[in-house]
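Summary of structural features
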Amino acid sequence: MQRKPRILAAVRPQGGVAVRRALGEYAAVLPVYTYDEAVAALRAKGAVDLVLCGVFFNETRAFDLLRFVRQEFPALPFVACRIGDRAVAPVMAEAMGIAAKSMGAVAFIDMPLLHADNATDVDFRSQVLRQIR
């Protein structure tokens, strides 16, 4: 039996619920809610297959975490995402994606309605899992 990929999910608590629902059957999801928890988990575990990070993680520490991952684990895929229903202008979501990719994220997933339905879960899951090397 093939092992499930391990995903460190650096998200807000409500995002952790949505991510586990969307990915839990297909990946081992380790949610963390603060920058310090994320860094400690990466250093202690050292064996995750992907970092999934919400752009509003820990009061916008997502880009700090992205910088840390690029410095300490340069080959580890980092996916930035916007999940949950926090309203932002479309140009702001686009800017978040551009910033994340320019700093080394392999993808930006804009999925504000992740909690909405099963079809959204399938789309999100597909976009995340295809980034695992």
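Details of the structure are given in the entry above.
Quick caveat, the model's predicted, so the values are computed rather than measured.

Quick notes on the pattern of salt bridges
A complete count under the given rule lists five salt bridges for this structure. Note that R3 is salt-bridged to D49, the shortest N-O span being 2.9 Å. Pair noted here: R3 is in the segment before β1 (6-10) and D49 is in the loop between α2 (35-45) and β3 (50-54), with a separation of 46 residues, a long-range link. With a relative accessible area of 15%, D49 lands in the buried category.

Looking at the nonpolar core
The biggest cluster of nonpolar side chains holds 26 residues, and the ones touching the most others in it are L8, L42, V51, C53, L65, V69 and F78. The set of elements that each furnish at least two residues to this core consists of β1, α2, β3, α3 (62-72), β4 (78-83) and α4 (90-102). Sequence-distant contacts of L65, that is, excluding residues within four places in its chain, are made with A10, Y35, A38, V39, L42, V51, C53, F57 and F78. Ranked by size, the runner-up nonpolar core spans 18 residues in total, among them I7, V11, A107 and M111.

Side note on the sheet that holds β3
Reading across the sheet, the five strands line up as β2-β1-β3-β4-β5 and stay open at both edges, with parallel pairing between neighbours. On the outer flanks of this sheet lie β2 (28-32) and β5 (107-111), each paired with one strand and no other. Between one strand axis and the next, the sheet turns by 20° as a mean value, whatever way the strands run. Pairing analysis gives four bridges linking β3 to β4, with the strands arranged parallel. From the neighbouring strand, L52 faces β4, where its bridge partner is V79. Along the sheet face, α4 touches β4 and β5 and points at about 160° away from the line of β5.

Considering empty space enclosed by the protein
Counted under the stated rule, the structure contains one cavity of 30 Å³ or more. For the largest cavity, the full set of lining residues is V11, R12, Q14, G15, G54, V55, F56, F57, C81, R82 and I83. The element contributing the most residues to the lining of the largest cavity is β4, with three residues.

Regarding α4
For α4, built from 13 residues, the straight-helix expectation of 18 Å at 1.5 Å per residue is met to within 8% by its first-to-last C-alpha distance of 18 Å. Considered for burial, the residues of α4 that qualify are A93, M96, G97 and A100. Down the axis of α4, the buried set is contained in an arc of 95°. They therefore lie on one face. Pointing more than 90 degrees away from the buried face of α4 are the exposed residues V91, E94, I98 and S102. Contacts from the buried residues of α4 go to α3, β4 and β5.

Notes on the side chain of R125
Residue position: R125 is located in helix α5 (residues 118-129). Using a relative accessible area of 13% as the deciding quantity, one classes R125 as buried. At 2.4 Å, the side chain of R125 forms a polar contact with the backbone oxygen of A22. If sequence neighbours within four positions are ignored, R125 has contacts with A22, L23 and Y26.

Remarks on the packing of aromatic side chains
A full pass over the atoms with the stated rule returns one aromatic pair. Note on F68 and F73: the rings are 6.1 Å apart at their centroids and 65° apart in plane angle, and the pair reads as edge-to-face. The exposure class of F73 is partly exposed, given its relative accessible area of 22%. If you follow R61 out to its NZ or CZ, it ends over the ring of Y35, 4.0 Å from the centre.

About the criteria used
Residues numbered from 1 in each chain as written. Predicted model: local features only at pLDDT ≥ 70, side-chain atom pairs only at ≥ 80, totals over all residues. Heavy atoms only, no water. Salt bridge = Lys/Arg side-chain N within 4 Å of Asp/Glu carboxyl O. Helix = DSSP H or I, 4+ residues; strand = E, 2+ residues; numbered from the N terminus. Buried < 20%, exposed > 50% of the residue type's maximum accessible area, 1.4 Å probe, protein only. Core = buried A, V, L, I, M, F, W, Y, C linked by side-chain atoms within 4.5 Å. Contact = heavy atoms within 4.5 Å. Pairing = 2+ DSSP bridges. Axes fitted to C-alpha atoms, helices over the stretch in contact; angles between N-to-C directions. 1 Å grid on protein atoms, 1.4 Å probe; cavity = no way out; pocket = protein on both sides within 12 Å on 5 of 7 lines; lining within 4 Å. Points joined across faces, edges and corners; volume = space filled by probe spheres on them. Expected span 1.5 Å × (residues − 1). Arc of directions from axis to C-beta. Polar contact = N/O pair within 3.5 Å; in protein donor to acceptor, adjacent residues only side chain to side chain. Phe/Tyr/Trp six-rings, centres within 6.5 Å; stacked < 30°, edge-to-face > 60°. Lys NZ or Arg CZ within 6 Å of the ring centre and 35° of its normal.

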